[in-house]
Amino acid sequence: WRVHQHYRRIEDELLIPRGARVALKARDPRLIVPISRIDKAALHALSLAHGLSKHVTVIHISFDEDGAQAFKERWARAVGPDIPIEVIVSPFRSLLAPMLSYLDAIDDKDPDRPIVVVLAEFVPRHWWDAVLHNQTALRLKLALFTRPNTSVIDVPYHLGDAEDFAAR
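None of the values given here were measured: they were computed from a predicted structure.

Draft legend 1. A look at the overall build of the protein chain. A tally of regular secondary structure across the protein chain gives 5 helices and 5 strands. Order of helices (α) and strands (β) in the protein chain, N terminus to C terminus: α-β-α-β-α-β-α-β-α-β. Residues classed as buried in the protein chain amount to 30% of the 168 residues present. Look at the contacts in the protein chain between residues 6 or more apart in sequence, and 77% of them connect residues 24 or more apart. For the protein chain, the accessible surface area stands at approximately 11,900 Å², while carbon and sulfur atoms represent 57% of it. For the protein chain, the distance from the average position of its 22 positive side-chain charges to the average position of its 22 negative side-chain charges is 4 Å.

Draft legend 2. View of the pattern of salt bridges. Throughout the structure, instances matching the rule amount to 7 salt bridges. As a salt-bridge pair, R37 and D39 come within 2.8 Å of each other at their nearest N and O atoms. Note on R37: relative accessible area 53%, which makes it exposed. The partner of R147 in a salt bridge is D104, with the nearest N and O atoms 2.8 Å apart. One end of the pair, R147, is in the loop between α5 (135-145) and β5 (150-158); the other, D104, is in helix α4 (residues 96-109), and 43 residues separate them in sequence. The network of salt bridges with shared partners includes D104, D107 and R147.

Draft legend 3. Fine view of the pairing of strand β3 (residues 85-89). As paired elements, strand β2 (residues 56-62) and β3 share 5 bridges and run parallel to each other. Its bridge partner lying in β3, S62 is registered against V89. For the segment spanning β2, helix α3 (residues 65-78) and β3, crossover handedness is right-handed.

Draft legend 4. View of the packing of α4 against α5. At their nearest, the axes of α4 and α5 sit 11 Å apart, and the two run at 40° to each other. As judged from the angle between their axes, α4 and α5 are oblique. Seen along the crossing, α4 lies across α5 with a hand that is right-handed. In this structure, α4 uses L96, M99, L100 and L103 to contact α5, whose residues at the interface are R139, L140, A143 and L144. Here the residues of the contact of α4 with α5 are counted per class, giving 7 nonpolar, no polar and 1 charged.

Draft legend 5. How the structure looks around a nonpolar patch on the surface. A cluster of nonpolar residues, I16, V22 and L24, forms a patch on the protein surface that exposes about 370 Å² of accessible area. Within the secondary structure layout, V22 lies in the loop between α1 (2-14) and β1 (30-34). Assessed through its relative accessible area of 58%, V22 is described here as exposed.

Draft legend 6. Summary view of the sheet that holds β1. The strand order β3-β2-β1-β4-β5 describes an open sheet built from 5 strands, whose pairing is parallel. With one partner strand each, in any of the chains shown, β3 and β5 form the two edges of the open sheet. Strand-to-strand twist of the sheet, defined as the mean angle between neighbouring strand axes without regard to direction, takes the value 25°. Sitting on the sheet, α3 touches β2 and β3, and the angle it makes with β3 is about 170°. Across the face of the sheet, α5 comes into contact with β1, β4 (115-123) and β5 while running at roughly 155° to β4.

What counts as what
- Residues numbered from 1 in each chain as written.
- Predicted model: local features only at pLDDT ≥ 70, side-chain atom pairs only at ≥ 80, totals over all residues.
- Heavy atoms only, no water.
- Helix = DSSP H or I, 4+ residues; strand = E, 2+ residues; numbered from the N terminus.
- Buried < 20%, exposed > 50% of the residue type's maximum accessible area, 1.4 Å probe, protein only.
- Contact = heavy atoms within 4.5 Å.
- Areas by Shrake-Rupley, 256 points an atom, 1.4 Å probe, with all protein chains shown as cover.
- Lys, Arg positive; Asp, Glu negative; His and termini not counted.
- Charge placed at Lys NZ, Arg CZ, Asp CG, Glu CD.
- Salt bridge = Lys/Arg side-chain N within 4 Å of Asp/Glu carboxyl O.
- Pairing = 2+ DSSP bridges.
- Right-handed = clockwise from strand over helix to strand, strands pointing away.
- Axes fitted to C-alpha atoms, helices over the stretch in contact; angles between N-to-C directions.
- Parallel < 35°, antiparallel > 145°, perpendicular 65-115°, else oblique.
- Left-handed = near helix turned anticlockwise from the far one by under 90°.
- Nonpolar A, V, L, I, M, F, W, Y, C, P; charged D, E, K, R; others polar.
- Patch = residues over 30% accessible without salt bridge, like charges linked within 9 Å, V, L, I, M, F, W, Y side chains within 5 Å.

Here it is, written out as structure tokens:
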């Protein structure tokens, strides 16, 4: 009986009455693309994000100030100023906590604007190689799954995919 009540309550909350007219509100999300390095998979995800919205920010988490500065310089040379980058220094080698704190800060500034996290995910050629790759993306997806006002777009990158950028 309790299970049935649960399902009824959820159905009542999700249901749109038949014949009802709905007006969708356009929502302009802020896209966040976390990257660990500038590589083809990251640029593939960034290209998709940039095509979806002009409100894209790249986030990089570095473990020390020297690494943070080096990454900013490499970003400026490779990509330029068109797409902003936020570099966070995490001296305890933590990735998840600084990322979630960053998203919380964005939410605090504009709680009505949705956040979309665009994750680059390398797809290995063989299934047995999967245990060697993408564990960080998986942990991040799991952490973001229950976070309100946040969606995740997973962008797979297969070796040999067409490139979304031109080397200059």
